[in-house]
Amino acid sequence: LCLVLYRDNTIKYTQLYRLTDGEWYDEIKEDLTNLLSMGVQIESITCDGHKALLKAIRNACKHVIIQRCLVHIQRMCRIWLTMRPKSQAATDLKVIVNKLHTIRTYEQRDYWLVSLVNWYTVYEGFIKEKSYSQAGNYWYKHKMLRRSFTVIRRALPDMFHYLDNNKIPKSTKGIESFFGHLKSHL
């Protein structure tokens, strides 16, 4: 069971919702198209970065700003990097990831980006290390570390729009807390 909810963050009003069995491109695109046809002006969408959702937004609302939820990025990286990372690279990336939600100014963003670029410069070879089978197949040795960095790298273009407009929420915490009472009942 999946509840897809479209909520106005400024007036705290649910514009539309859909009960479904997943986050499907066709349904999300249809919902966004319906909202636009009803005259709802969508300035930005803060979301978790699900591929179907991003694709639907880009196709249905070409000029809408997409803000990636910083809490989701942090949460996924923390899960993949674990509580006690085994490598120095993972430990250092976790420190950088933990600072993400504290960014409130362009200067803080720039320092954070510099620390991320410096981390990549130091550990680029490490995250590209591969293991090979006798058949010649390979896999990355540090898969979860690589996955964490890749999530950040792909989200970067959409991570800091909230600095340009204070009406854009940097996370989906508002909508998550809206469902707090439902989660406890479930």
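Values in this document were obtained by computation on a predicted structure and should not be read as measured data.

Trainee: Describe the packing of aromatic side chains, with residues and values.
Mentor: Geometrically, a pair of aromatic rings is defined through the distance of the ring centres and the angle of the planes. Inspection of every chain in the model, using the stated rule, returns 7 aromatic pairs. Pairwise contacts between aromatic rings join W119, Y120, Y123 and F149 into one cluster. One cation-aromatic arrangement involves R146 over Y140; the distance from NZ or CZ to the ring centre is 3.6 Å. The aromatic ring of W80 is capped on one face by R147, whose charged end is 5.2 Å from the ring centroid.

Trainee: For the nonpolar core, give the residues involved together with the corresponding values.
Mentor: Taken as a class, soluble globular proteins show a tendency for nonpolar side chains to be buried jointly. In terms of nonpolar packing, the biggest core is built from 25 residues, with L93, W112 and W119 touching the most fellow members. For this core, the secondary structure elements donating two or more residues are α3 (70-81), α4 (88-98), α5 (106-127) and α6 (143-155). Counting 19 residues, the second-largest nonpolar core is a separate cluster that includes I42, I45, A56 and V64.

Trainee: Which residues make up the packing of α3 against α4, and what values do they have?
Mentor: One can describe the packing of α3 onto α4 by two numbers: an axis separation of 10 Å at closest approach and a directional angle of 160 degrees. By the criterion of interaxial angle, the relationship of α3 to α4 is roughly antiparallel. Two packed elements cross with a definite hand, and for α3 against α4 that hand is left-handed. The residues of α4 that touch α3, namely those facing Q74, C77, R78 and L81, are A90, L93, K94, V97 and N98.

Rules of the game
Residues numbered from 1 in each chain as written. Predicted model: local features only at pLDDT ≥ 70, side-chain atom pairs only at ≥ 80, totals over all residues. Heavy atoms only, no water. Phe/Tyr/Trp six-rings, centres within 6.5 Å; stacked < 30°, edge-to-face > 60°. Lys NZ or Arg CZ within 6 Å of the ring centre and 35° of its normal. Core = buried A, V, L, I, M, F, W, Y, C linked by side-chain atoms within 4.5 Å. Buried < 20%, exposed > 50% of the residue type's maximum accessible area, 1.4 Å probe, protein only. Helix = DSSP H or I, 4+ residues; strand = E, 2+ residues; numbered from the N terminus. Axes fitted to C-alpha atoms, helices over the stretch in contact; angles between N-to-C directions. Parallel < 35°, antiparallel > 145°, perpendicular 65-115°, else oblique. Left-handed = near helix turned anticlockwise from the far one by under 90°. Contact = heavy atoms within 4.5 Å.

Distances and angles like these do not, on their own, reveal function.
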